[in-house]
Structures are given as C-alpha cells and as structure tokens.
Amino acid sequence: MARRNLPPLNALLAFDAAARYGNFTRAAAELGVAQPAVTRHVANLEDWLGVRLFERTGNSVWLSRHGAEVSQLATTVFDRLELELGRTVAEGRAEIVIGASFGMTHLWLMPQITSLRGAAYGASINFLTSEHYRDFDNQRVNLSIRFGSGDWPGWRADLLFAETTYVIASPDFLARHRGIDPDNLAGTLEPDWLLEHGDPGGYGWMTWPRWYDRQNRVPPQQLTRADVTNYPTLLDMVRCGEGVALGFAGLNDGLIASGGAVRIGPPLSRPELGYYLLSEPDGRRSRTAEDLRRYLVDTVQK
C-alpha cells in the first residue's frame, strides 16, 4: 500500500491554531510551544504546499485565499476526528454536538465556549463544522444552527437573530475613500472594493447582487473580489482595509465593538429570514441538550 502523501501533522495543527486565532502568539500559547515554533511549522507547511497561507501588513496577518481554503478543510477534518475519537475514548460521558458553519462556529459559538460548557453542566461540547447543512442531519448532532425561513419539518426551530445586513469597512479604508456617501452607497461604492463571500450552499444569504437588487440598482457585472468564501477571513480583510463587505448583525458584532470596522449607511433587513437553532422535538431531546438550547436562545434575547 502506498504511503499517504500528507504534510506533517504538527505543521497542520500549528497552522489550524494560527488560522483560528489570526495570531501566532495565541496559537503558540494554545499548543504550549514558543511562537517561533508556530512560525516555523507554518513556513514548512507553505513550502510543502507551494503556496502562501498568510498575508502580512505590518503587525497584522490574515489568511490568503489558499490559506482560507486549507483552514476550512483542516477545521472540518480536525472537528470530525476530534468528534469521533472523543466518542470512542469517552463513550458514556455526557456530550453535546453542535453543527454550524465555519463562520458561525468561529464568530459566535467559540467566543462563548466557557459559558456553553457551564450551561451544559460540564458536558463535553464538540462542533461539527460544515458549509452543507445536510451534514447536520444525523444522530450525532444534538443542535445545529442554520440560515433560512424557520421551516424544517421534524425539527424544533428557535430564531436566534433575524437577518440584518450592513455595509462595513475599516476606519482606515473610509479615511482613504472619502467619496463614499452613506446615503447613496449603491452609487458611490466602486465594484473592485466589494469583498464577496457568495452563497455556495444556495441558502439565500445576502450577497452583493441581492443587495444591489434591494437598492433597485443594477449590480456590477463582475465582482473582481468574489473569491473570499471563508467569512471570518473576509472580516479580517475588512479589518485590514482591503475593501468593503456585507456585515451581519450577530456575526460581526465583536469586530464592530472592537473598532476594527464600522457600519455605513442604513441597515437592510429581511425579517422573514434568519439564523435558527434546530433541535429534536421536545420528547426526544436530552435534558442537557435542552439546557443548552434554552441558554443559547436566552443569550440572544437579553
């Protein structure tokens, strides 16, 4: 049997941590190694792949297009590996599995992981990250977060937050482009400024073409920056002044609160759509899953 053609596992683990934090020092702290070791591992992985995984501007780093693709793949693989091995090693121990997209997991769930564990009374919490909601339709997943209208037969669907979209940019970008008119964004935004995440799953996410349609304007024929399908990476690019993007209330609140980006112009709401927490019907849901469901719903209602 031929040997697997894979990069060193330590390099992948170091890259995964650096990609999640967007910071090599914090990645080193998680892994219990010195920061230069993380830098070396990432460089070795870049050499092995033959592509650059991070872009750098001054003291800021963010994932390149190739880096975003590798990060999403690594996260999915490690999440699945951790989930299955954890089930084998700790069979019988209380466990809750939450299914969510890459962006939802890293922008909304992970920042409150300590509180989630507390709400689950010490149960092990694992994530199944995927951009395809069908991956959440299995018995291992207790709760999942999905975008849509709330119509999922056979599931209980609790609205976490309705879709509210803003145009966002960094203060530095706005200082360099003073011609942007908050009252006439569709008429003053240049097409090559638009960072687009698209709608790869076909779930109806707000995209720049849909945003322009809502403004009763013809969207640009070609979005030259329409290749940033990893939403956390897209926000990193906004923070570094690379362009403007569509920001979603609930997902980028942390970036706005930190001053890394500001909202421009009025919000665009589609109250018929939003992010829902799906769980099994009341009679089939475990007590721990119910406690966590109530905590997540209560969190967004406060």
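Computed from a prediction, not measured in an experiment: that's the story for all the values here.

A. The arrangement of the packing of helix α1 (residues 9-21) against helix α3 (residues 35-49) in detail. Look at α1 against α3: their axes get within 8 Å of each other, and the N-to-C directions meet at 110°. Classified by the angle their axes make, α1 and α3 are roughly perpendicular. Where α1 crosses over α3, the handedness of that crossing is left-handed. Contact residues: N10, A11, L12, A14, F15 and A18 in α1; V38, H41, V42 and L45 in α3.

B. Representation of the packing of aromatic side chains. This model, assessed by the stated rule, comprises 14 aromatic pairs. With 5.6 Å between their ring centres and 45° between their planes, Y231 and F248 make a pair best called tilted. Linking Y231 in helix α10 (residues 231-239) with F248 in strand β7 (residues 245-248), this pair joins segments that are 17 residues apart in sequence. Accessibility classification places Y231 together with F248 in one group, the buried group. Looking at R146, its charged tip hangs above the ring of W155, at a distance of 5.4 Å from the centre. For the cation-ring pair, R263 lies above Y166, with the distance from its terminal atom to the ring centre recorded as 4.6 Å.

C. A look at the pairing of strand β1 (residues 54-57). Bridge analysis of β1 against strand β2 (residues 60-63) gives four bridges, and the strand direction is antiparallel. Its bridge partner lying in β2, T57 is registered against S60. A loop of two residues connects β1 with β2, the two strands running antiparallel in sequence, and G58 in this loop sits at a positive phi of about 60°.

D. Structural detail: unusual backbone geometry. Positioned with a positive phi, N216 is a non-glycine residue whose angle comes to about 60°. Relative to the helices and strands, N216 resides in the loop between α9 (208-214) and α10.

E. The side chain of E196, seen in detail. Among the structural elements, E196 can be located in the loop between α8 (185-188) and α9. Among the polar contacts listed, one links the side chain of E196 to the backbone nitrogen of G198, at a separation of 3.2 Å.

F. Examining the sheet that holds β7 more closely. One open sheet accounts for six strands, arranged β4-β3-β5-β8-β6-β7; its pairing is mixed. Because the sheet does not close on itself, it has two edges, and the strands there are β4 (124-129) and β7. Here the average twist between neighbouring strands, direction ignored, is 30°. When strand β6 (residues 156-169) meets strand β8 (residues 262-279), the two strands line up antiparallel, connected through twelve bridges. Bridged to E163 within β8 is R270. In this fold helix α5 (residues 102-109) packs onto β3 (95-100), β4, β5 (143-148), β6 and β8, with an angle of close to 120° to the strand it touches most, β3.

G. A look at the environment of V244. Of note, V244 is situated in the loop between α10 and β7. Accessibility expressed as a relative area gives 0% for V244, which makes it buried. With 53 residues separating them along the chain, V244 and P191 place their C-alpha atoms 9.9 Å apart. Setting aside residues up to four positions removed in sequence, V244 forms contacts with V167, I168, A169, F173, L189, W193, L194, L195 and W208.

Cut-offs and rules
- Residues numbered from 1 in each chain as written.
- Predicted model: local features only at pLDDT ≥ 70, side-chain atom pairs only at ≥ 80, totals over all residues.
- Heavy atoms only, no water.
- Axes fitted to C-alpha atoms, helices over the stretch in contact; angles between N-to-C directions.
- Helix = DSSP H or I, 4+ residues; strand = E, 2+ residues; numbered from the N terminus.
- Parallel < 35°, antiparallel > 145°, perpendicular 65-115°, else oblique.
- Left-handed = near helix turned anticlockwise from the far one by under 90°.
- Contact = heavy atoms within 4.5 Å.
- Phe/Tyr/Trp six-rings, centres within 6.5 Å; stacked < 30°, edge-to-face > 60°.
- Buried < 20%, exposed > 50% of the residue type's maximum accessible area, 1.4 Å probe, protein only.
- Lys NZ or Arg CZ within 6 Å of the ring centre and 35° of its normal.
- Pairing = 2+ DSSP bridges.
- Polar contact = N/O pair within 3.5 Å; in protein donor to acceptor, adjacent residues only side chain to side chain.

Function-wise, these values are silent; they only describe arrangement.
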